[in-house]
Each structure stands twice: as C-alpha cells, then as structure tokens.
Amino acid sequence: MKIFNYIQEVYRQKGAAYFLLIDPDKTSGEKLRKLIDVSIKSEVDGFLIGGSLMFGGDLDLCLTDIKKITNKPVIIFPGSVSQVSKFADALLFLSLISGRNAHQLIGEHVLAAPIIKKYGIEPISTGYILVESGGKTTAEYISNSMPIPRNKPEIAASTALAAKYLGMQMVYLEAGSGAINSVPNEMVKIVSSYSEIPLIVGGGIKTPEDAYNKVVSGAKMIVTGNYFEKEENFDLIKEFAKAIHTNQNRTIIT
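Residues numbered from 1 in each chain as written. Predicted model: local features only at pLDDT ≥ 70, side-chain atom pairs only at ≥ 80, totals over all residues. Heavy atoms only, no water.

Visitor: How would you explain the overall build of the protein if you had to name every residue and give the values?
Guide: Helix and strand counts for the protein come out as nine helices and eight strands. At 17 Å, the protein has a C-alpha radius of gyration in line with the 18 Å of a compact globule built from 254 residues. Taken along its principal axes, the extent of the C-alpha atoms in the protein is 45 × 45 × 35 Å. Burial statistics for the protein: of 254 residues in total, 55% are counted as buried. Restricting to contacts in the protein with at least 6 residues of sequence separation, those with at least 24 account for 72%. Taken as two groups, the 27 positive and 26 negative side-chain charges of the protein have centres that lie 4 Å from each other. (Helix = DSSP H or I, 4+ residues; strand = E, 2+ residues; numbered from the N terminus. Rg over C-alpha atoms; globule rule 2.2 N^0.38 Å. Buried < 20%, exposed > 50% of the residue type's maximum accessible area, 1.4 Å probe, protein only. Contact = heavy atoms within 4.5 Å. Lys, Arg positive; Asp, Glu negative; His and termini not counted. Charge placed at Lys NZ, Arg CZ, Asp CG, Glu CD.)

Written out as structure tokens, the structure reads:
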C-alpha cells in the first residue's frame, strides 16, 4: 500500500492520523529507541524525520534505526535537498506556498526530483503553509519567508485552495518547531472546509486537548515534535494518540 493511501485509511478509520516528528539532531541512540518503543505501544501511526536545519544528526542512521524497530511508515520531512534518503518509505514533497521565495516554491524540488526518482521514494505533494506563532521560528528564518498572520484565516484558506487546484495531495499548516502558539482552531476549520483536501497541522501543540480541538476543527493528521524531545514527556504520547483518534475515543475533551 502506498503511504499516502495508508494515511487516508488511518484517518478514515480513526478520525485522524497521529505522526511524531523526530529531529535526528536532537533524538538518537537509546533515547530514539525508547521514544519509538513508547510510540508503538501508544498507537502512533507513523513518523516524520527531518527539520528546517540539520546541524550534526545522521538522517540515514535515524531512519534505519527506526525501521529496525517498527514497520510503521517513516516519512522524510525535508528542510532541503540534502535531506533525501533511500531508507525512507516516503517524502513530503513540500512547496512553501505561504511564501514568495521561488527557491522554496520550486528550486529545491528540481534538485531533489532526480534523487527521489533514483531511490524510488514515494513523494507526497504537500502545500506547506507557515502560520504566525508568536515568535520567529527556525522554519521562518531558514526559508526567508513571512508566515500568514494568525488573524487572517481567509489568506490561509485561499492559499490551500490554490494548492488543491495545483494538484497537491495535502496541505500542512505549520506553526513551526518550538512555536509559542499552535495554529488557531478557527483557521484549521476554515482551511479544511474551504480547500477540502487532507490537512496536516503541526507546531506548538503541547496538550492532548489542543490536538483534539485541531481534529474536530478538520485536521486529518496531527504532528507533534518539539514537545517530545524531552523524555519526561514520553508518557503523554498515549494521551495524545487517544485524543487524536477521535473515532476510537468518543469521550469529549474540553
């Protein structure tokens, strides 16, 4: 089964898919193995690997270590063409559609396309929308682009609709790694209803309640990352999974 089809099947059955974002710079070795073990027991649906800036982490090693432990999908979340690996199951083929930096819209993609084809990795075409989060994030700085203001959901909705018309498979609303505030629920609701293509939401989601509210607002996939770089938070992964899998957990979270 293709990874995109797998994601669709998960959110149809469970209400939404839950993926953990792992930065090889910050999580590796025994800490990585512990995180994956807890995630599998907590019914996490898959993993995104990468980030805006890879400083010293080993992407290939991270991917192979995870795949030794689980058969859950491992998808590259690339910050640049250097973050393409033959060991991944798929790659989010991200185009930064909220910005006007041509290199992030198409430049990196031209460089990456032959490598993706050579390795036989499944590309999942994804419109990437940065949203103002209360502070300047790494993604914003590295991409040299302005995020969409939090109080302008109509801009995000129009941008997502353009992604649909361009033939993209998914849209990713991103507050950024370590964001102070997550994407507003009202923006999630308007974007999901207006564009009608599967919506990923990530960045700044620090509680199961916030994750749940994103799902009931229309998100089909929730991504958490920075919050679970701390081992003391690992025990909460199961609570996040329960909140996100709304079809399996009918208890209303307020």
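Visitor: Give a description of unusual backbone geometry that names residues and reports values.
Guide: A positive phi is found at Glu43, a non-glycine position, where the angle reads about 70°. With respect to the secondary-structure elements, Glu43 resides in the loop between helix H2 (29–41) and strand S2 (46–50). A positive phi angle is found at Asn144, which is not glycine, with a value near 55°. As for its position among the elements, Asn144 is in the loop between helix H5 (138–143) and helix H6 (153–165).

Visitor: Before we move on, could you go through the sheet that holds strand S5 (residues 122–130) and cite the residues and values that matter?
Guide: Pairing between the strands of a sheet is mediated by backbone hydrogen bonds and can be parallel or antiparallel. Strand order in the closed barrel formed by eight strands is S1-S2-S3-S4-S5-S6-S7-S8, and the pairing between neighbours is parallel. Within this sheet the neighbouring strands show an average axis-to-axis angle of 30°, counted without direction. As paired elements, strand S6 (residues 170–174) and strand S7 (residues 199–202) share four bridges and run parallel to each other. If you follow Glu174 over to S7, its bridge partner there is Gly202. Relative to the sheet, H2 contacts strand S1 (17–22) and S2, its axis offset from that of S1 by approximately 175°. Across the sheet, helix H4 (residues 102–119) is in contact with strand S4 (90–96) and S5; its angle to S4 comes to roughly 160°. (Pairing = 2+ DSSP bridges. Axes fitted to C-alpha atoms, helices over the stretch in contact; angles between N-to-C directions.)

Visitor: Residues and numbers for empty space enclosed by the protein, please.
Guide: Summed over the entire model, instances satisfying the criterion amount to three cavities of 30 Å³ or more. Around the largest cavity sit 25 residues that line it, and Pro78, Gly79, Ser80, Leu94 and Gln104 are the ones nearest its centre. At the level of elements, S4, H4, S5 and H5 are the ones that each hand at least two residues to the lining of the largest cavity. (1 Å grid on protein atoms, 1.4 Å probe; cavity = no way out; pocket = protein on both sides within 12 Å on 5 of 7 lines; lining within 4 Å. Points joined across faces, edges and corners; volume = space filled by probe spheres on them.)

Visitor: Quick one: what's the story with the environment of Thr207, residue by residue and with numbers?
Guide: Examined against the element boundaries, Thr207 turns out to sit in the loop between S7 and helix H8 (208–216). For Thr207, a relative accessible area of 33% corresponds to the partly exposed category. Between the C-alpha atoms of Thr207 and Gln248, which are 41 residues apart in sequence, the distance is 18 Å.

Visitor: Describe the environment of Ser195, naming the residues involved and giving the relevant values.
Guide: Looking at the secondary structure, you find Ser195 in helix H7 (residues 185–195). Expressed as a C-alpha distance, the spacing of Ser195 and Ser158, which sit 37 residues apart in the sequence, is 7.7 Å. Leave out the neighbours within four places in its chain, and Ser195 touches Ala160, Leu161 and Lys164. For Ser195, the side chain forms a polar contact with the main-chain oxygen of Val191, separated by 2.8 Å. (Polar contact = N/O pair within 3.5 Å; in protein donor to acceptor, adjacent residues only side chain to side chain.)

Visitor: So what's going on with the side chain of Glu140? Residues and values would help.
Guide: By the secondary structure assignment, Glu140 is in helix H5. Setting aside residues up to four positions removed in sequence, Glu140 forms contacts with Leu130, Gly135, Ser145 and Pro147.

Read these as layout, nothing more, since geometry by itself doesn't imply function.
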